[in-house]
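One-letter residues, chain by chain:
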Amino acid sequence: MNTFRLKARGAYPGIAEGPAVVCPDSIAGNSGALGDTDGVIYEKGNVNYGVCINDAILVVPCAKGSNGFSAHFKGAQIAGVKPAGWISTRMDARLGVAVASMGIPAVTDFADDEDPVVKIKTGDWIKIDGATGEVLITFKY
Amino acid sequence: MVHLTDYEKQMLDGQMGKFKQKAMQFIVRYAEVLGAEELCQISRATLFIGAQHYLDCYAEDTDYKKIFSEFYLCSDEIVELGEVSECCKTQTCAACCDLREYERTHLSREFHERNRKYLEATKEMGVKIVDSCTPYYVGWVPMMGEHFVTTESSNVVISNTIFGACGNSDGVEAAVCAAITGRIPKWGMHIKENRYATCVFTLDFEVETQMEWDLLGFTLGRLLPKHEVPVIVNGLKNAEINRMRQLCASLSVTSAAEICHIVGLTPEAQTLDMALGGKKPRHQIHVTEKDMEESLSILCDKGSSKVDFVSIGCPHISLDEIREIALYVKGKKLPEGVELQIWTDYATKEMAAVNGYTKLIEDTGAALLTGSCPIVMREDSHRHATAMVMFGAKQAFGIRHQTKVPVYYGEVFSCIDAAYNGRWEEG
């Protein structure tokens, strides 16, 4: 099994695992970019357009777009659709609110040479420990 | 571990009631996620609340106390709603519909009533109903160094950049809890060290019109490396608040920027060295006209066609702009089946009425609307459209997440011409 480990700051405790959905340009927080009740990415131009975030480990460099970012993820969570965990290259306010609000394990603030958006590919199987900041990647290929 | 003052500990312990306790619990949790060491006191807030579509996860008859407790306070326990902090001047941000003109925007009476009900509960908390994404036009102006929260991304950039005030792009839940507690994590833009520019933009061209400023913001956001703070050193002509509004709004569509220094124009960038805090920038980027053309190709579909839905006023426009539009459209008539929506806030619309601008606009068949916009009203408001024209870039880009019909974008008066001609002409 081809595996790889990364270590960064645990931002929200808990262990989560699932397939990676890597969004190198993040996901817009604007209304309609993420389906409020189905958790599907509808952002035009997003490499994961049409992908549902449910049970995935979302890998992003940061958040972007509207400050409504957290609210759209939270709405989807209450509707029953949520990512299993977050990995973000760096923490920012938009994402921080989403993490705190949804209570989902998160790891962030990676070293410059360990950017998860570069190291992880969509479909890799990811296990994160939001308390210790450990990330275990099992490569898909 | 977040260091709390005695006052903050008392709030967290529940000595000021459960409402504030729950809000403080969230603020502390948020601070821990960010890695903040302490909190700071805020004195201004705008909140993106009401029957917003992110609440579509709730059945229509759900008790608002349950919604508020679960969604905003992040509490499993339903608590009695209290009041926002006396120290924090709090008002609503953009709303999910015009408070009066719901039929004209194709929304149902039921949705309109639901929003009114939520806003009435909000008013009881001491939140003023303003429904504006440009609150600085109606008196929400933080001073230099003042700490604020706002759920409007463009207002974050405006308030940090022009007013020198301090705030992050906190989401709705944090903004609500901050307004209740009067506290937000002291982190990011609240700390001077994080406000210095790290990426220098040099323009190979000049921008002058409102659309050019708008398009520049969108372009800079695309080019800005993640996690960096931009400064623009040249190329901006005819600087004024309405152009800055467009630049800041579109910058925050394509990036996570929270401030955008402009050398010689904004208070923390009287010189480039001042903007950089005496340090070397991590990035230097030359922006070309080709970059701007690429942005335009993202925002404006190719070709010419009939159009039947035109929206101006993203973010909400000022009285000066309404006057210009009123005089421009005076005596014209919209073709049958074409809608022209012009968006502002209630106070500005009242002034527009006093000055006769509203009548000039509405006599042509156009609508001067308040408090919302097509993106925030969502699909019900524009599902019938067969081709759209949108200003600004935030609207022209954001609406694409909600529709498959052609979307065109251009200079404000080209967009208005398209409405009265019932047709968008390329080029």
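What counts as what
Residues numbered from 1 in each chain as written. Chains lettered and ligands numbered in written order. Predicted model: local features only at pLDDT ≥ 70, side-chain atom pairs only at ≥ 80, totals over all residues. Heavy atoms only, no water. Helix = DSSP H or I, 4+ residues; strand = E, 2+ residues; numbered from the N terminus. Rg over C-alpha atoms; globule rule 2.2 N^0.38 Å. Buried < 20%, exposed > 50% of the residue type's maximum accessible area, 1.4 Å probe, protein only. Contact = heavy atoms within 4.5 Å. Areas by Shrake-Rupley, 256 points an atom, 1.4 Å probe, with all protein chains shown as cover. Lys, Arg positive; Asp, Glu negative; His and termini not counted. Charge placed at Lys NZ, Arg CZ, Asp CG, Glu CD. Phe/Tyr/Trp six-rings, centres within 6.5 Å; stacked < 30°, edge-to-face > 60°. Lys NZ or Arg CZ within 6 Å of the ring centre and 35° of its normal. Axes fitted to C-alpha atoms, helices over the stretch in contact; angles between N-to-C directions. Nonpolar A, V, L, I, M, F, W, Y, C, P; charged D, E, K, R; others polar. Parallel < 35°, antiparallel > 145°, perpendicular 65-115°, else oblique. Left-handed = near helix turned anticlockwise from the far one by under 90°. Polar contact = N/O pair within 3.5 Å; in protein donor to acceptor, adjacent residues only side chain to side chain. Patch = residues over 30% accessible without salt bridge, like charges linked within 9 Å, V, L, I, M, F, W, Y side chains within 5 Å. Salt bridge = Lys/Arg side-chain N within 4 Å of Asp/Glu carboxyl O. Pairing = 2+ DSSP bridges. Domains from an automatic or database assignment.

Explanation requested: the overall build of chain A in the structure shown.
If you tally the helices and strands in chain A, you get 3 helices and 8 strands. Secondary structure of chain A in N-to-C order comes out as β-β-β-β-α-β-α-β-α-β-β. Against the compact-globule benchmark of 14 Å for 141 residues, chain A has a radius of gyration of 13 Å, which places it among compact chains. Expressed along its principal axes, the backbone C-alpha trace of chain A runs to roughly 40 × 30 × 25 Å. Looking at chain A as a whole, 62% of its 141 residues qualify as buried. In chain A, the share of contacts with a sequence separation of at least 24, taken over all contacts with a separation of at least 6, comes to 70%. Accessible area for chain A stands at about 4,900 Å²; split by element, carbon and sulfur atoms hold 53% of it. Taking the average place of the 13 positive charges on the side chains of chain A and the average place of its 15 negative ones, the gap between the two points comes to 1 Å.

For this particular structure, what's the right way to read the packing of aromatic side chains?
For any two aromatic rings, the description comes down to two numbers: the centre-to-centre distance and the angle of the planes. Residues and elements named next belong to chain B. Summed over all chains, the structure comprises 21 aromatic pairs over all chains. Relative to Y72, the ring of Y54 has its centre 6.4 Å away and its plane inclined at 85°; by these criteria the two rings are edge-to-face. Here Y72 lies in helix α3 (residues 64-72) and Y54 lies in the loop between β2 (44-47) and α3, a separation of 18 residues in the sequence. Accessibility assignment for this pair places Y54 and Y72 in one class, buried. For K332, the ring lying beneath its charged end belongs to Y328, and the centroid distance is 4.1 Å. The ring of Y420 has K332 sitting right over it, with the charged end atom 5.8 Å from the ring centre.

In this structure, what is going on with the packing of helix α1 (residues 6-13) of chain B against helix α2 (residues 18-34) of chain B? I would like to understand it.
Angle between the axes and distance between the axes are the two parameters that describe a pair of packed helices. Residues and elements named next belong to chain B. At their nearest, the axes of α1 and α2 sit 7 Å apart, and the two run at 115° to each other. Counted together, E8, M11, L12 and D13 of α1 and K20, Q21, M24, Q25 and V28 of α2 form the full contact between these two elements. Classifying every residue of the contact of α1 with α2 by side-chain character gives 4 nonpolar, 2 polar and 3 charged.

How should the packing of helix α7 (residues 210-223) of chain B against helix α8 (residues 241-254) of chain B be read in this particular structure?
Residue and element names in this part refer to chain B. Two elements in contact, α7 and α8, have axes whose closest approach is 7 Å; the angle formed by their N-to-C orientations is 25°. Considering the angle they form, α7 stands roughly parallel to α8. For the element pair α7 and α8, the recorded crossing hand is right-handed. Contact residues: Q210, W213, D214, L216, G217, F218, L220, G221 and R222 in α7; N242, R243, M244, R245, Q246, L247, S250, L251, V253 and T254 in α8. Per-class residue counts for the contact of α7 with α8 are 8 nonpolar, 7 polar and 4 charged.

Even after reading the chapter, I still don't get the environment of T181 of chain B, so can you show me in this structure?
All names here are of chain B. Tracing the backbone through its elements, the reader meets T181 in helix α6 (residues 172-181). Accessibility expressed as a relative area gives 1% for T181, which makes it buried. For the pair T181 and V28, spaced 153 residues apart in the sequence, the C-alpha separation amounts to 11 Å. Excluding its chain neighbours within four sequence positions, the residues that come into contact with T181 are M11, K20, A23, M24, I27 and S85. A polar contact is formed between the side chain of T181 and the backbone oxygen of C177, at a distance of 2.8 Å. Within the structure, the side chain of T181 is placed 3.1 Å from the backbone nitrogen of R183, a separation counted as a polar contact.

Whenever I open this one, a negative patch on the surface confuses me. Can you help?
Residues and elements named next belong to chain B. Negative charge collects at one region of the surface, where E60, D61, E110 and E113 lie side by side. Within the fold, E113 resides in helix α4 (residues 109-124). Since its relative accessible area comes to 36%, E113 is described here as partly exposed.

How do you make sense of the sheet that holds strand β15 (residues 407-408) of chain B when you look at a structure like this?
Neighbouring strands of a sheet are bound in pairs by backbone hydrogen bonds; such pairs are parallel or else antiparallel. Residues and elements named next belong to chain B. The 5 strands are arranged β13-β12-β11-β14-β15 in an open sheet whose pairing can be described as parallel. Either end of the sheet is taken by a strand with one partner, and the two such strands are β13 (367-370) and β15. With 2 bridges connecting them, strand β14 (residues 388-391) and β15 associate as parallel partners. By the bridge assignment, M388 is partnered in β15 with V407.

How should the side chain of E43 of chain A be read in this particular structure?
Relative to the helices and strands, E43 of chain A resides in the loop between β3 (15-22) and β4 (57-60). Engagement of the side chain of E43 of chain A in a polar contact is seen with the side chain of K64 of chain A, the distance being 2.9 Å. Residue contacts for E43 of chain A: discarding those within four places in its chain leaves S26, I27, A28, A33, Y49 and K64 of chain A together with H401 of chain B.

What should I look at first to understand the pattern of salt bridges in this one?
Proximity of charged atoms lets side chains of opposite charge pair with each other. Residues and elements named next belong to chain B. Tallying each qualifying case throughout the model produces 31 salt bridges over all chains. Residue E146 pairs with R44 through a salt bridge whose shortest N-O separation is 3.4 Å. One end of the pair, E146, is in the loop between α4 and β4 (148-150); the other, R44, is in strand β2, and 102 residues separate them in sequence. R44 carries the same exposure label as E146, and that label is buried. A salt bridge links E120 to K123; its shortest N-O distance comes to 3.1 Å.

Is there a simple way to think about the domain arrangement of chain B in this case?
Residues and elements named next belong to chain B. Per the domain assignment, the segments of chain B are domain 1 (6-189), domain 2 (196-297) and domain 3 (300-424). Here the C-alpha centre of domain 3 lies 28 Å away from the C-alpha centre of domain 1. Contacts between domain 1 and domain 3 engage 25 residues on the former and 27 residues on the latter. Along the contact surface separating domain 1 from domain 3 lie 3 salt bridges. A salt bridge links R104 to E362; its shortest N-O distance comes to 3.3 Å. Along the contact surface separating domain 1 from domain 3 lie 12 residue pairs in polar contact (both at pLDDT 80 or more).

Help me understand unusual backbone geometry, please; the structure alone is not making it clear to me.
Across residues other than glycine, the phi torsion is negative in most instances, and most of the peptide bonds are trans. Note that the residue after C314 of chain B, namely P315 of chain B, is joined by a cis bond; omega there is -10°. The amide bond that connects F391 of chain B to the next residue, G392 of chain B, takes the cis arrangement and shows omega of 5°. Positive phi values are uncommon outside glycine, yet S26 of chain A reaches one of about 65°. Its location among the elements puts S26 of chain A in the loop between β3 and β4. We note that N238 of chain B has phi near 55°; this positive angle belongs to a residue other than glycine. Residue position: N238 of chain B is located in the loop between β7 (230-232) and α8. Classification of N238 of chain B as partly exposed rests on a relative accessible area of 39%.

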